[in-house]
Every structure is written in C-alpha cells, then in structure tokens.
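Now for the letters of each chain:
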Amino acid sequence: MLTQTAKDELIRQQYRIVGEHSAVKTCGWTKNMIKGKGGCYKLKFYGIMSNQCMQMTTSISCANRCVFCWRGYKAPVSKEWKWGVDDPELIFDGSIEAHHKLLAGFGGQPEAKHMFEMSKTVKHVALSLTGEPITYPRMNELLLRFNKEGISTFLVTNSQYPDQIRDLNRVTQLYLSVDAPTKDLLKKIDVPLFPDYWERLNKSLEYCAQKKDRTCIRLTIVKGLNDANIEEYAKLIMKGNPDFIEIKSYMHVGPSRERLTIDHMPWHEEIVEFSKELMKYLSDYEIVTEHVPSRVVMCAKKTFKKNDKWFTWIDFDKWHELVNSNKDYDKYDFLKQTPQVGLSGRITKEEVSKIAERKRERLAKQKKIFVDEKTNEMDL
Ligand code: SF4
C-alpha cells in the first residue's frame, strides 16, 4: 500500500506501520493518563480507560479527503481495496507489540508507575486513527480476536461503505461520521471519491438504525462551514437512530492547518449552543454531559436514563462475557451509571470573544505559522 518514502514519513510522525496496511500511534490521552493528567472524553462518557487504550487503523487509505482531517493530502486515498490482505493474527500481534514499544519510555517515570503498569494490559481499541478501518476485508475476524482477548472495540467509519456496516460483526460501539447536513455541503467538506457519496451516507444511516450494538453519530463542527442547517442534521440523525450523538469541535491541528484557520475552530460554548439547538428537533434525546478540553458534548437517547440517572457507561466485564457467549444480548444488557453528567456552563460568550480576539492578535504577531508534522494526534 505504501512506498518506502511514505512509510518513512509516517514513522517520522510517530506512527508504527503494522504489516502492509495497518498502523498504530499512541494517543495523546493515553500518555496523559499514564502521567496522571486525566483521561479522554470517552472516559467521561463511556468509561474507557485511556491508559489502557490502543489507537490504530486497519487501513491507512480512505475514500474521502475531509477538509478538517489531520491527515495531509498526500495520504493514500482509494475507493476500493487494492492491496494485499494481512492476516488478522499478524495485525493483532503486531499492533499490540508496536503499541507497547511506543509506551516503553514511560516505565522509567516514577509518577507514572501505577498507570504504566495498567497500560501493559490493553483493554480497549479505538479503530479510528487515520484512513477507513472498516474497508479491511477481514475486519470481522479481527473483531472476533479483540472480543476473545477482552478488548473492547470502538470502530469509527466515514459512512461511505454501507455494505461493510451492514455485515459487521458485533462491536462495543460503532461510530458513523456525519460531516454535513446536505448533499452539496458534504461534497465540499468531505471531498469524497465516490460519486454516490450522499446515497452511501444515507444507506449507512439506514443500516446503522438496524444495528443491535451501541451506535453513535459524530458531528465535527467547523465554524462557518458546516455549523448551520441544524434541522437537516436532525433529519439525518433520525434516519440513523443512534444511541448517542457526539457534537465536537474541529481541532486546528496537523495538516488541517494548511486548509483552515484557527477561527474555524468553534469554542466549547458554541458547541453547547449548537447541541441545545439540535436537541429542539430530537425529542428522543437529551444532552448528557460534555468534555470541555475536547470541546465535545454527548447526547443520548432517553432510554439510557432510568430514575433520573444516566447509564451511558459500559460494564466492560459484562460486555466481554456476553460477546463471547452464545447468548443473544442487546445494548441495554451491559450498562453502568454515568458518574458525571450535566453542563458546566463555563465561560460566557463575552469572555469567549475576548479570548478569541487575544488569540487572533497573538497569532497575527507570529512571523510564520508553524506546521508541526509530529502533531500529537488524538481524538482531541
Ligand atoms: S481519545 Fe480515543 S484513542 Fe485516545 S484514549 Fe480515548 S478512546 Fe483511546
């Protein structure tokens, strides 16, 4: 799949290539949690232990060139699978090994000892790093392997491969990206290779609605580009009928900085406002909680609320017992109470404007905008 030059470039950016088409990179939140600096928003929303999470993909290639993506435009793109197909065992073993090697340096830090020891047991895999993981033709076998090892699977797809979504084995949580509310805008935001990209998105949403597993629709909001037409977003969300909705700010990192400016990045309060507006059209959902550093709000179906308490966390032990049993189970069979809910109400709009102005002034003073190719990629 990759030329040696492309591989060298990825290695320079701290990726580790596994086999022919997979890659691993340590998530910044994994490092943070090992150092005792807190976990990612998926810890707050669903109970993922960031220090025990491996971030990887089974396909470096993608069928989109999203404007907000942290990938450079030189990253491989393709509609079809054109490469050899690595054995799932090779991907599993190679990824775990590469992940541990990348974390090895933390072992010598006394303050990180406990969390580092825990990180030696991978409990979660985020199949989302870069590219489109669902296109790997033997994904279902790999999912079975993760299930067998007691590793939860959070799989993110760009909603361009509906058949793969329909045929997917059970995962802990399936994410579909919905990057724009209308056909025309989706073309501008995602720059898709498929001419029938809109039909593919809609079909993917239909299959999402039929899933027995937990599902989540992710909106990545880019200020001034895809932050309007909220009612149309709501219609797409209703079609997908997900359990959760994550509304998240675009993050101004990596090569996306060559295409967008810092002003395209909404403030957390703007994400909150957008989420509140969206909820007016989705009576089956409510805002559950937020993660301010990641500028993300999570909404859930009211069916995850019992006696005025939210249950969006996952009982991972129960999940593994169920997924490896022959029992027919559903998404409500392995829930845990969400410990922290509600919105913080941090920072007023006036304060937001002042901060934005100060930031713009600071940036304007910089002689050049530094493009850091070693961006600490993570689900910011
Ligand atoms: S942000 Fe994603 S990859 Fe990083 S620790 Fe959390 S779940 Fe894992």
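Shown above is the structure to which this text applies.
Every value quoted in this text rests on a predicted model; they were computed, and no experiment measured them.

**A look at the packing of helix α10 (residues 230-240) against helix α11 (residues 268-279)**
1) Next: Running from N to C, α10 and α11 point in directions that differ by 65 degrees, and their axes come no closer than 9 Å. Read as a crossing pair, α10 and α11 show a hand that is right-handed. Contacts between α10 and α11 involve Ile230, Tyr233 and Ala234 from the former and Phe274, Glu277 and Leu278 from the latter.
2) Next: Tallied by class, residues from the contact of α10 with α11 come to five nonpolar, no polar and one charged.

**Describing the pairing of strand β9 (residues 285-291)**
1) Next: Among the seven residues of β9, five are classified as buried, and the element is accordingly described as predominantly covered.
2) Next: Sheet analysis places β9 next to strand β10 (residues 296-301), joined by six bridges and oriented antiparallel. Bridge assignment links Tyr285 to a residue of β10, and that residue is Lys301.
3) Next: Joining the antiparallel neighbours β9 and β10 is a turn of four residues, in which Arg295 adopts a positive phi near 50 degrees.

**Describing helix α12 (residues 316-323)**
1) Next: Taken together, the buried positions of α12 are Phe316, Trp319, His320 and Val323. Looking straight down α12, one finds its buried side chains confined to an arc of 95 degrees; they lie on one side.
2) Next: Tucked into the core, α12 has its buried residues touching α6 (139-148), β5 (152-157) and β13 (313-314).

**Some points on the sheet that holds strand β3 (residues 53-57)**
1) Next: Read across the sheet, ten strands follow the order β1-β2-β3-β4-β5-β6-β7-β8-β10-β9 without closing on themselves; strand pairing throughout is mixed. This sheet does not close on itself; its edge strands, each paired only once, are β1 (16-18) and β9. Taking the axes of each pair of neighbouring strands and ignoring which way they run, one obtains an average angle of 25 degrees across the sheet.
2) Next: Pairing geometry for β5 and strand β6 (residues 173-177), over four bridges, is parallel. Paired with Leu155 across the two strands is Leu174, which belongs to β6.

**Describing the nonpolar core**
1) Next: Leu155, Ile245, Ile247, Met298, Cys299 and Ala300 are the most contacted members of the largest nonpolar core, which has 86 residues in total.
2) Next: Sequence-distant contacts of Ile247, that is, excluding residues within four places in its chain, are made with Leu219, Ile221, Ile271, Phe274, Ser275, Leu278, Val296 and Val297.

What counts and what doesn't
Residues numbered from 1 in each chain as written. Predicted model: local features only at pLDDT ≥ 70, side-chain atom pairs only at ≥ 80, totals over all residues. Axes fitted to C-alpha atoms, helices over the stretch in contact; angles between N-to-C directions. Helix = DSSP H or I, 4+ residues; strand = E, 2+ residues; numbered from the N terminus. Left-handed = near helix turned anticlockwise from the far one by under 90°. Contact = placed C-beta atoms within 7 Å. Nonpolar A, V, L, I, M, F, W, Y, C, P; charged D, E, K, R; others polar. Buried ≥ 20, exposed ≤ 12 C-beta atoms within 10 Å, placed from the backbone. Pairing = 2+ DSSP bridges. Arc of directions from axis to C-beta. Core = buried A, V, L, I, M, F, W, Y, C linked by C-beta atoms within 7 Å.

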